[in-house]
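Each chain, letter by letter, is given below.
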Amino acid sequence: MTIPTINQSWLHRDIEDIVLSAINTSNSLCFIGDTGTGKTALAEQIAARQNKEFLRIPCDSGLEFSELLGGWILHENKTLFSEGVFLKTLQQPSIILLDEVNAMDPSKSFLLHQLLDSRSIFCKETNKTYTMHNDCKLFVACNPPTLSYQVSPTSAALANRLITIVLPEFTKDEMSTIISSQFPELVNSDFIERLKKFYSEMLLFGENQNTRWKVSIRNIINMLTLMRNNLTAQRAATIAVINPILLTDERDKHKAATHLMNITLGVNETNTASNVNV
């Protein structure tokens, strides 16, 4: 539990203004968007800029909120209840992010409902009710509940307690801005234009082919990091962007994506981050 570092190269998007306005209206927000649209990073950077503690809790079917509250410990021959990091964080200025909340078993979310309704939570171990700090914000994040993602929809009971904001995919110009700030060696390179085309074509490929996998800015950054470590553009793109399709989709879609990569990116075995103009 720490105050995050401000990312000086953070790309400000219009959606961030909407989020900041919503925070002034509600203490509880839901971010919904495809993988790689910046849900976690946005919550973290809001915490950094507001000088607040940030706590991210990955949700899954095995998550038990009661376990996050704390547990009993032995101290100087006495049994004491030790508050968990979740309980400590909600009592101070902070932002708490429940990530992938629609992966959580809905039957186990009653404590979350209580927290959203009354901004307090009852701990049966101490027989005490803990109240959220006035400047503690609770965010939840989830992927869209589509057949492609094969994730469950968020329960209606939970959805009705949240202000929901959709985070769009990064545009190719936004992607270009992010890449230029993190990989300055590519600025003014014609490779940036090819990369923008590759990114937008892969987004369309995912939509048209109804793939479970969707390209994200994270894939592109991984690709360029591999190129910076002297992998060719072809190999880096295959590893970071194309091969993940094999984890979620049929082999023929992997082959089609490989063909699309070779056409739109115009890669060859001599392209690395140091000679992308070749």
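See the structure printed just above.
Just so you know, these numbers come straight off a predicted model, no measurement behind them. (Residues numbered from 1 in each chain as written. Predicted model: local features only at pLDDT ≥ 70, side-chain atom pairs only at ≥ 80, totals over all residues. Heavy atoms only, no water.)

**Quick look at the overall build of the protein chain**
Phase 1: Along the protein chain, the regular secondary structure elements total 12 helices and 9 strands.
Phase 2: Principal axes of the C-alpha set define a box for the protein chain whose edges measure 70 × 45 × 35 Å.
Phase 3: Classification of the 278 residues of the protein chain by burial places 47% in the buried group.
Phase 4: For the protein chain, contacts bridging at least 24 residues in sequence account for 72% of all contacts bridging at least 6.
Phase 5: A total of about 13800 Å² of accessible surface is found on the protein chain, and carbon and sulfur atoms cover 51% of it.
Phase 6: Across the protein chain, 25 positive and 29 negative side-chain charges occur, with their mean positions spaced 1 Å apart. (Helix = DSSP H or I, 4+ residues; strand = E, 2+ residues; numbered from the N terminus. Buried < 20%, exposed > 50% of the residue type's maximum accessible area, 1.4 Å probe, protein only. Contact = heavy atoms within 4.5 Å. Areas by Shrake-Rupley, 256 points an atom, 1.4 Å probe, with all protein chains shown as cover. Lys, Arg positive; Asp, Glu negative; His and termini not counted. Charge placed at Lys NZ, Arg CZ, Asp CG, Glu CD.)

**Looking at the sheet that holds strand β2 (residues 53-58)**
Phase 1: Here 5 strands make up an open sheet; going across it, the order is β2-β5-β8-β1-β9 and the pairing parallel. Each having just a single partner strand, β2 and β9 (163-166) make up the two edges of the open sheet. Averaged over all pairs of adjacent strands, the angle between strand axes in this sheet comes to 20°, irrespective of strand direction.
Phase 2: Pairing analysis gives 5 bridges linking strand β5 (residues 94-99) to strand β8 (residues 136-142), with the strands arranged parallel. Counterpart to Ile96 in the pairing with β8 is Leu138.
Phase 3: Strands in contact with helix α1 (residues 14-23) are β1 (28-32), β8 and β9; relative to β9, the strand with the most contacts, it is inclined by about 175°. (Pairing = 2+ DSSP bridges. Axes fitted to C-alpha atoms, helices over the stretch in contact; angles between N-to-C directions.)

**Section: the pairing of strand β6 (residues 120-123)**
Phase 1: In the sheet, β6 pairs with strand β7 (residues 128-131) via 4 bridges, with the strands oriented antiparallel. Bridging across to β7, Cys123 finds its partner in Lys128.
Phase 2: In sequence, β6 turns back onto β7 through a hairpin of 4 residues, with Asn127 there showing a positive phi of about 55°.

In short, geometric facts, not functional conclusions.
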